[in-house]
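Structural overview for review
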Amino acid sequence: QLQLVESGGGLVQPGTSLRLSCAASGARFRDYIIGWFRQAPGREREQVSCINYSGTDTNYANSVKGRFTVSRDNAKNTAYLQIDSLAPEDTATYYCAAVGGSLYYIMRARCAEGTMNTWGKGTQVTVAS
């Protein structure tokens with residue numbers, strides 16, 4: 001079955017950039033939509049980005065649009081989240097998640113939290129000066 005492992009987090013200064021990775025194994029990566037989520041202490045988990053099976057359809061939370069960029073390289077079985085202009089409010093554990101389905105389903109970027117059925121363990125991003 002599909003497994004996901006996030007990496008790339010760390011302690012960084014405001015205004016810098018990070019690229020998070022989501023490495024997949026155990027199934028055909030290109031058969032899945034990938035979503036990125038984050039959860040800060042004491043806050044609800046929120047969806048930040050989503051990408052369809054081929055990388056041709058993406059969407060973002062309004063709070064991160066313009067700073068976050070999601071992409072994927074199916075040949076490398078990896079999805080990415082580029083985060084620019086990091087701010088303290090970006091501090092959170094970042095998770096990738098996947099959902100598969102018919103070609104009709106996975107051709108659109110749709111990542112409602114309750115529909116994602118495979119999750120990574122998360123990578124911590126801390127933004128502080």
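Use the structure listed above.
Cut-offs used in this document
In this convention, every chain numbers its residues from 1, walking through the sequence in written order. In view of the model being predicted, local features appear only for residues whose pLDDT reaches at least 70, and side-chain atom pairs are presented and counted only at 80 or more, with totals across whole chains, interfaces and linings using the full set of residues. Derived side-chain values reflect all non-hydrogen atoms in the structure, with water molecules and hydrogen atoms excluded from consideration. Disulfides are defined in this document as cysteine sulfur pairs within 2.5 Å. In DSSP terms, a helix is any run of H or I states spanning at least four residues, a strand is any run of E spanning at least two, and both are numbered starting from the N terminus. For every residue, the accessible area obtained with a 1.4 Å probe (protein chains only) is divided by the maximum for its type, and the residue is called buried under 20%, exposed over 50%, and partly exposed between those limits. Pairs of residues are marked as contacts when any of their non-hydrogen atoms sit within 4.5 Å.

Attention shifts here to the state of the cysteines. Counted under the stated rule, the structure contains two disulfides. Between the sulfur atoms of Cys22 and its disulfide mate Cys96 the distance is 2.1 Å. Taking the torsion about the sulfur-sulfur bond, which here is approximately 75 degrees, the covalent link between Cys22 and Cys96 counts as right-handed. Taken as a pair, Cys22 in strand E3 (residues 18–25) and Cys96 in strand E9 (residues 92–100) lie far apart in primary sequence, 74 residues in all. Each member of the pair, Cys22 as well as Cys96, is classed as buried.

Within the secondary structure, Gly9 is located in the loop between strand E1 (3–7) and strand E2 (10–12). Accessibility expressed as a relative area gives 34% for Gly9, which makes it partly exposed. Along the backbone, Gly9 and Thr123 are 114 residues apart, and their C-alpha atoms lie at a distance of 5.4 Å. Excluding anything up to four places from it in sequence, Gly9 contacts Leu20, Thr123, Gln124 and Val125.

Moving on, we come to the environment of Thr126. Structurally, the position occupied by Thr126 is in strand E11 (residues 123–127). On the basis of relative accessible area, Thr126 is assigned to the partly exposed category, the value being 27%. Each C-alpha atom, one on Thr126 and one on Glu44, is 17 Å from the other, the two residues being 82 residues apart in sequence. When neighbours within four sequence positions are excluded, Thr126 is seen to be in contact with Gly10, Leu11, Val12 and Thr91.

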